[in-house]
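Each chain, letter by letter, is given below.
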Amino acid sequence: MEDQVKLLVALQDLDLMIKEVKDTDTSSEMKQMGFKLDGIAELQQARENLAGRIKPQLLNRYERLSKSYGRAIVPVTGNLCFGCFSTLPTSYPSLKTKESFLTCENCGRILYFP
């Protein structure tokens, strides 16, 4: 299950990079700073390969959440969801070894424990 979390975090990072490159304001600023933005096809191919390694049900959940939020999977630190910054119930840390993915009761994002 830990591998799926790592894959989801990597997928989210790729999605954010693709979004930044496609955004005209951000991409023009990045070009002015000297960054080359000619690898969009490679990023999209890497995303497809990575998405193929994630369980379909989990991928669908991630994609639904990412439409609503900028980040669909967020870390939990100190019983705090880093998506909505609400305090989680005290029982959450003891559940981090379970075989299911946890979601924030407040915002619904997928949670992981770094």
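The preceding data block contains the structure.
A few points on the structure. Everything numeric in this text was worked out from a predicted model, so none of it was measured.

Concerning the sheet that holds strand 3 (residues 102-103)
- The four strands are arranged 2-1-4-3 in an open sheet whose pairing can be described as mixed. Each edge of the open sheet carries a strand with a single partner, namely strand 2 (80-81) and strand 3.
- Pairing of strand 1 (residues 73-77) with strand 4 (residues 110-112), which is carried by three bridges, proceeds in the parallel orientation. Each bridged residue has a counterpart across the sheet, and for Pro-75 the counterpart in strand 4 is Tyr-112.

Description of the layout of surface pockets
- Its volume calculated, the second largest pocket comes out at about 150 Å³.
- In terms of lining residues, the second largest pocket is bounded by Gln-12, Asp-15, Leu-16, Ile-18, Lys-19, Tyr-62, Ser-66, Lys-67, Tyr-69 and Gly-70.
- Elements represented by at least two residues in the lining of the second largest pocket include exactly helix 1 (2-22) and helix 4 (56-68).
- Looking at which element gives the most residues to the lining of the second largest pocket, the answer is helix 1, with five residues.
- The residue inventory of the lining of the second largest pocket, partitioned by class, reads four nonpolar, three polar and three charged.

Some details on the side chain of Ser-86
- Of note, Ser-86 is situated in the loop between strand 2 and strand 3.
- Look at Ser-86 and you get buried, because its relative accessible area is 17%.
- Other than its neighbours up to four places away in sequence, Ser-86 contacts Asn-79, Leu-80, Cys-81, Cys-104 and Asn-106.

Describing unusual backbone geometry
- Although it is not a glycine, Asn-79 adopts a positive phi angle of roughly 60°.
- Overall, Asn-79 belongs to the buried group, its relative accessible area being 18%.

Topic: helix 3 (residues 40-51)
- When the terminal C-alpha atoms of helix 3 are compared, their 16 Å separation across 12 residues agrees well with the 16 Å that a helix rising 1.5 Å per residue should span.
- Where helix 3 is concerned, the buried positions are Leu-43, Arg-47, Leu-50 and Ala-51. Buried residues of helix 3, seen end-on, are gathered within an arc of 95° and therefore sit on one face of the element. Projecting away from the buried face of helix 3 at angles above 90 degrees are the exposed residues Glu-42 and Glu-48.

Procedures and definitions
- Residues numbered from 1 in each chain as written.
- Predicted model: local features only at pLDDT ≥ 70, side-chain atom pairs only at ≥ 80, totals over all residues.
- Heavy atoms only, no water.
- Pairing = 2+ DSSP bridges.
- Helix = DSSP H or I, 4+ residues; strand = E, 2+ residues; numbered from the N terminus.
- 1 Å grid on protein atoms, 1.4 Å probe; cavity = no way out; pocket = protein on both sides within 12 Å on 5 of 7 lines; lining within 4 Å.
- Points joined across faces, edges and corners; volume = space filled by probe spheres on them.
- Nonpolar A, V, L, I, M, F, W, Y, C, P; charged D, E, K, R; others polar.
- Buried < 20%, exposed > 50% of the residue type's maximum accessible area, 1.4 Å probe, protein only.
- Contact = heavy atoms within 4.5 Å.
- Expected span 1.5 Å × (residues − 1).
- Arc of directions from axis to C-beta.

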